[in-house]
Amino acid sequence: MTEYMETKENRVFLHICCGPCSLMPVVHLRKEGFNVTAFFFNPNIHPEEEYGLRRDSAQLAAEKLDYPLVFAGDALKPAQWIRELNGVTQEGERCVSCYRQRLLPVALEAKRRGFDFFTTSLLYSRYQHHEAICQVAEQVARETGVSFLYRDFRPYWYEGINLSKELGLYRQKWCGCLLSRKEAEIQRAERAELKRRKALARMASVA
Ligand code: SF4
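Residues numbered from 1 in each chain as written. Predicted model: local features only at pLDDT ≥ 70, side-chain atom pairs only at ≥ 80, totals over all residues. Heavy atoms only, no water.

K.L.:
How do you make sense of helix α7 (residues 178–206) when you look at a structure like this?
P.N.:
Counting along an α-helix, one turn takes 3.6 residues, and residues three or four places apart therefore face a common direction. In this model, α7 (29 residues) spans 43 Å end to end at C-alpha, consistent with the 42 Å of a helix rising 1.5 Å per residue. Residues Leu 179, Ser 180 and Ala 184 constitute the buried set of α7. (Helix = DSSP H or I, 4+ residues; strand = E, 2+ residues; numbered from the N terminus. Expected span 1.5 Å × (residues − 1). Buried < 20%, exposed > 50% of the residue type's maximum accessible area, 1.4 Å probe, protein only.)

As structure tokens, this is what we get:
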């Protein structure tokens, strides 16, 4: 087990939503000398079985990299969140409220536990809206008095993918919400159709 000297200044509360995205934030924050405690929180994962898969992959990642992981008591409220969107369902726009729904409880939990800093593994994903995450996190920091520790983990994207495969972690196929699942299904169907058409065109050209 790795020993980390803990001081109040180097303790950071890291929000995570799955195992794979937690890896690079933990690895690189530790390299900087931070003592990381992770907090699994995403009430917006659909459906419930998927929530379980991601929670378990977060648990496995924490065991493999040996970092403390805490879970939120209550979790799934995707239907409530969709109602609260009031029709703002466009990807990007809806994500802002989704980030806030996660980061405000994260900062409050960090405060309750005596952390001076919080950050999030959302900053690792190339598919998230990085600037919007920062804006929401800064706002939440102002509201709660807990500082937001900004880091750009995106340059470690492939390093994280490789490590997640090496560790045998479950890798999700959509962001989280019901809408993102539907969008991912449509994209997969479009890619399959494109592949089919290309194959037909190739066959026609050699016939
Ligand atoms: S796509 Fe992802 S970030 Fe955006 S609303 Fe859905 S779960 Fe939240």
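K.L.:
Even after reading the chapter, I still don't get the nonpolar core, so can you show me in this structure?
P.N.:
One broad rule of soluble globular proteins: the nonpolar side chains tend to lie buried together. Grouped together as the largest cluster of nonpolar side chains are 53 residues, with contacts concentrated most on Phe 13, Ile 16, Leu 23, Leu 29, Tyr 67 and Phe 118. Secondary structure elements with two or more residues in this core: β1 (11–16), α1 (20–31), β2 (35–40), α2 (48–65), β3 (69–71), α4 (93–112), α5 (130–144) and α6 (157–166). In terms of residue count, the dominant contributor to this core is α5 (7 residues). Each residue touching Phe 13, except ones within four places of it in the same chain, is listed here: Thr 37, Phe 39, Val 70, Val 106, Glu 109, Ala 110, Arg 113, Phe 115, Phe 117, Phe 118 and Thr 119. Trp 81, Leu 85, Cys 98 and Leu 179 belong to the second-largest nonpolar core, a separate cluster that totals 5 residues. (Core = buried A, V, L, I, M, F, W, Y, C linked by side-chain atoms within 4.5 Å. Contact = heavy atoms within 4.5 Å.)

K.L.:
How do you make sense of the site of the ligand when you look at a structure like this?
P.N.:
Close to the ligand lie Trp 81, Arg 94, Cys 95, Cys 98, Tyr 99, Arg 102, Gln 128, Cys 175, Gly 176, Cys 177 and Ser 180. Placement of the ligand is best described as lying within the largest pocket. With 5 residues, α4 is the single largest residue contributor to the shell around the ligand. (Near = heavy atom within 4 Å. 1 Å grid on protein atoms, 1.4 Å probe; cavity = no way out; pocket = protein on both sides within 12 Å on 5 of 7 lines; lining within 4 Å. Sits in = over half its atoms within 2 Å of the grid points.)

K.L.:
What's the story with the pattern of salt bridges in this structure? I'm lost.
P.N.:
It is possible for side chains of opposite charge to pair when their charged atoms get near one another. By the definition in use, this model includes 11 salt bridges. Arg 94 is paired through a salt bridge with Glu 183; the nearest N and O atoms lie 2.9 Å apart. Remark: Glu 183 occurs in helix α7 and Arg 94 occurs in helix α4; sequence separation between them is 89 residues. By relative accessible area, Glu 183 is classed as partly exposed at 29%. With its nearest N and O atoms 2.9 Å apart, the salt bridge here joins Arg 154 to Asp 152. Each of Glu 109, Arg 112 and Arg 113 takes part in salt bridges that share partners, so that together they form one network. (Salt bridge = Lys/Arg side-chain N within 4 Å of Asp/Glu carboxyl O.)

K.L.:
Got a minute to help me understand the layout of surface pockets in this structure?
P.N.:
Rolling a probe over the atoms, with the probe sized like a water molecule, indicates the empty space that remains. Space inside the largest pocket adds up to approximately 990 Å³. Lining the largest pocket are 35 residues, and of these Tyr 127, Gln 172, Lys 173, Trp 174 and Cys 175 sit closest to its centre. Contributions of two or more residues to the lining of the largest pocket are made by α1, α4, α6 and α7. Counting residues per element, the lining of the largest pocket draws most heavily on α7, which supplies 6 residues. When its residues are assigned to classes, the lining of the largest pocket shows 17 nonpolar, 9 polar and 9 charged. (Points joined across faces, edges and corners; volume = space filled by probe spheres on them. Nonpolar A, V, L, I, M, F, W, Y, C, P; charged D, E, K, R; others polar.)

K.L.:
What exactly am I supposed to notice about a positive patch on the surface here?
P.N.:
A contiguous patch of positive charge on the surface is contributed by Lys 165, Arg 171, Lys 173, Arg 188 and Arg 191. Locating Lys 173 in the fold gives a position in the loop between α6 and α7. Accessibility expressed as a relative area gives 56% for Lys 173, which makes it exposed. (Patch = residues over 30% accessible without salt bridge, like charges linked within 9 Å, V, L, I, M, F, W, Y side chains within 5 Å. Areas by Shrake-Rupley, 256 points an atom, 1.4 Å probe, with all protein chains shown as cover. Lys, Arg positive; Asp, Glu negative; His and termini not counted. Charge placed at Lys NZ, Arg CZ, Asp CG, Glu CD.)

K.L.:
What is the right way to look at the environment of Trp 174 in this model?
P.N.:
Along the polypeptide, Trp 174 turns up in the loop between α6 and α7. For the pair Trp 174 and Ile 45, spaced 129 residues apart in sequence, the C-alpha separation works out to 9.5 Å. Beyond its immediate sequence surroundings of up to four residues, Trp 174 is in contact with His 46, Pro 47, Glu 50, Arg 54, Ser 180, Arg 181 and Ala 184. Within the local environment of Trp 174, its side chain forms a polar contact with the backbone oxygen of His 46, the two atoms lying 3.1 Å apart. Of note is the side chain of Trp 174, whose polar atom sits 3.4 Å from the backbone oxygen of Gly 176. (Polar contact = N/O pair within 3.5 Å; in protein donor to acceptor, adjacent residues only side chain to side chain.)

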